[in-house]
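Below are the chains, spelled out letter by letter.
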Amino acid sequence: MRPVQVEVDLGAIRHNVGTVGRVLGRSTQLLAVVKADAYGHGMVPVAKAAVEAGAAWLGVAFPSEARVLREAGVSAPILVLGPAEPEEMLELAPHQVSFTVFSPGSLEAARRAAVRSAFGLAIHLEVDTGMRRFGFPPEEVLPVADAITSTPGLHLEGVYTHFATADEDLAFARSQLQRFQEVLAVLEARGHRVPFRHAANSAATFTLRDAHYDLVRVGIALYGLSPGVPTPTLQPALRLVARVAQVRRVPQGTRVGYGGIYRTSRETTLVTVPVGYADGLPRALSEGGMAFFRETRVPYAGRVCMDALMLDVGDLPAEEGDEVELLGPHVPVEEVARTCGTIPHEIVSRLSPRLPRVYR
């Protein structure tokens, strides 16, 4: 095994499911978003832990992810949030996998699959209330819903939208919610009784209780990371650690790494850690990045390499094999994201599959 690993605390995943569950009403179910290998945490173990803790649904981006879960024996209902080809729908529909219709092309794909399906397809209709990513505009939703329900083999199981600003601009999020409520009223007036209405992501789950409906889709909060709004206590589930591969003592003024952008300000000890940007650790950490070594936060020294990085540990004693924490309680993912000018979602979801995962 490589001298580096991602440690995932499945107990934290279960805790976070419970924390979210306590803010939901009895009629609202939780959909755990486990796409992108569960944001880098490992899709199958996380999905199993989330379902054991009370998640009723699982959300994935693509049919291939749903296939992995089913092959691993995960039986909870799955919603595919992204596009799917007719053949993929035909394969997975008999296994309690639902699909999203968000565009004319996706609707046509579902209708083509339904013609050939002996089981029927469960469809969730996505409404674009302001995100401008996927979804039909509100004025087109009713004829699309009519087309779904009039097509043999298609069942309108859900209708949903996605908030663009629930973590930073509640006024705009509320305007989206208002548009969604208007769509729901139009559908109900036409006689469409949709079992699952859903809108809330992690941030909206804690800030917009009116958006809970029948289902909330929780992603980043499932992993104990901040959705950008105040939350009850969440437990981060991930820790990235590595072992020192080389130690060297260098004089003041030593240039370190590609381009020599880092110069030692004194005689100091450098350690090399065998993990780099090919493992998903951002190169942007080359300036301002911190790690945790021997109970002390220490700076990155020079540019992050493809498979390694260097740290300036000063006068701390260092030996090959010593542990370094790169992400975890002493180097929070949120802090790393700020240093890199991004969001926690990107930091963890880009952790490479070549990093061994260890679960506890």
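Asks: Please clarify how the overall build of the protein chain should be interpreted in this entry.
Replies: Within the protein chain, the secondary structure is distributed over 11 helices and 19 strands. Along the first, second and third principal axes, the C-alpha set of the protein chain runs to 75 × 40 × 35 Å. The buried share among the 360 residues of the protein chain stands at 58%. Put simply, of all contacts in the protein chain between residues at least 6 apart along the chain, 66% involve residues at least 24 apart. A total accessible area of about 15300 Å² is found for the protein chain, and carbon and sulfur atoms account for 51% of it.

Asks: Please explain the packing of helix H7 (residues 138-149) against helix H8 (residues 170-190) as it appears in this structure.
Replies: Packed helix pairs are characterised by how far apart their axes lie and by the angle those axes make with each other. At a minimum axis separation of 10 Å, H7 and H8 run at an interaxial angle of 30°. As the angle between them shows, H7 and H8 are arranged roughly parallel. The element H7 and its partner H8 pack so that their crossing is right-handed. Across the interface between the two elements, Pro138, Val141, Leu142, Ala145 and Asp146 from H7 touch Val183, Val186, Leu187 and Arg190 from H8. Of the residues assigned to the contact of H7 with H8, the class counts are 7 nonpolar, no polar and 2 charged.

Asks: Would you mind going over the pattern of salt bridges with me for this structure?
Replies: Once the charged atoms of two side chains with opposite charge are near each other, the side chains can pair. Within this structure, the stated rule accounts for 20 salt bridges. With a shortest N-O distance of 2.8 Å, Arg67 and Glu91 are connected by a salt bridge. In this pair, Arg67 sits in helix H4 (residues 63-71) while Glu91 sits in helix H5 (residues 86-92), placing the two residues 24 residues apart along the sequence. For Arg67, a relative accessible area of 22% corresponds to the partly exposed category. Residue Glu91 is classed as partly exposed on the basis of its relative accessible area of 36%. For Arg132, the salt bridge goes to Asp128, with nearest N and O atoms at 3.4 Å. A single salt-bridge network, built from bridges that share partners, covers Glu7, Arg239, Arg243, Glu323 and Glu325.

Asks: What's the story with the sheet that holds strand E18 (residues 323-327) in this structure? I'm lost.
Replies: Strands in a sheet are paired, the pairing made by backbone hydrogen bonds, and the direction either parallel or antiparallel. Taken in spatial order, the 6 strands make up an open sheet running E16-E15-E18-E10-E1-E19, and their pairing is mixed. Of all the strands in the sheet, the pair left with one neighbour each is strand E16 (296-299) and strand E19 (357-359). Strand after strand, the sheet turns through a mean of 35° between neighbouring axes, direction not considered. In the sheet, strand E1 (residues 4-8) pairs with E19 via 3 bridges, with the strands oriented parallel. Across the sheet, residue Val8 finds its bridge partner in E19, namely Tyr359.

About the thresholds
Residues numbered from 1 in each chain as written. Predicted model: local features only at pLDDT ≥ 70, side-chain atom pairs only at ≥ 80, totals over all residues. Heavy atoms only, no water. Helix = DSSP H or I, 4+ residues; strand = E, 2+ residues; numbered from the N terminus. Buried < 20%, exposed > 50% of the residue type's maximum accessible area, 1.4 Å probe, protein only. Contact = heavy atoms within 4.5 Å. Areas by Shrake-Rupley, 256 points an atom, 1.4 Å probe, with all protein chains shown as cover. Axes fitted to C-alpha atoms, helices over the stretch in contact; angles between N-to-C directions. Parallel < 35°, antiparallel > 145°, perpendicular 65-115°, else oblique. Left-handed = near helix turned anticlockwise from the far one by under 90°. Nonpolar A, V, L, I, M, F, W, Y, C, P; charged D, E, K, R; others polar. Salt bridge = Lys/Arg side-chain N within 4 Å of Asp/Glu carboxyl O. Pairing = 2+ DSSP bridges.

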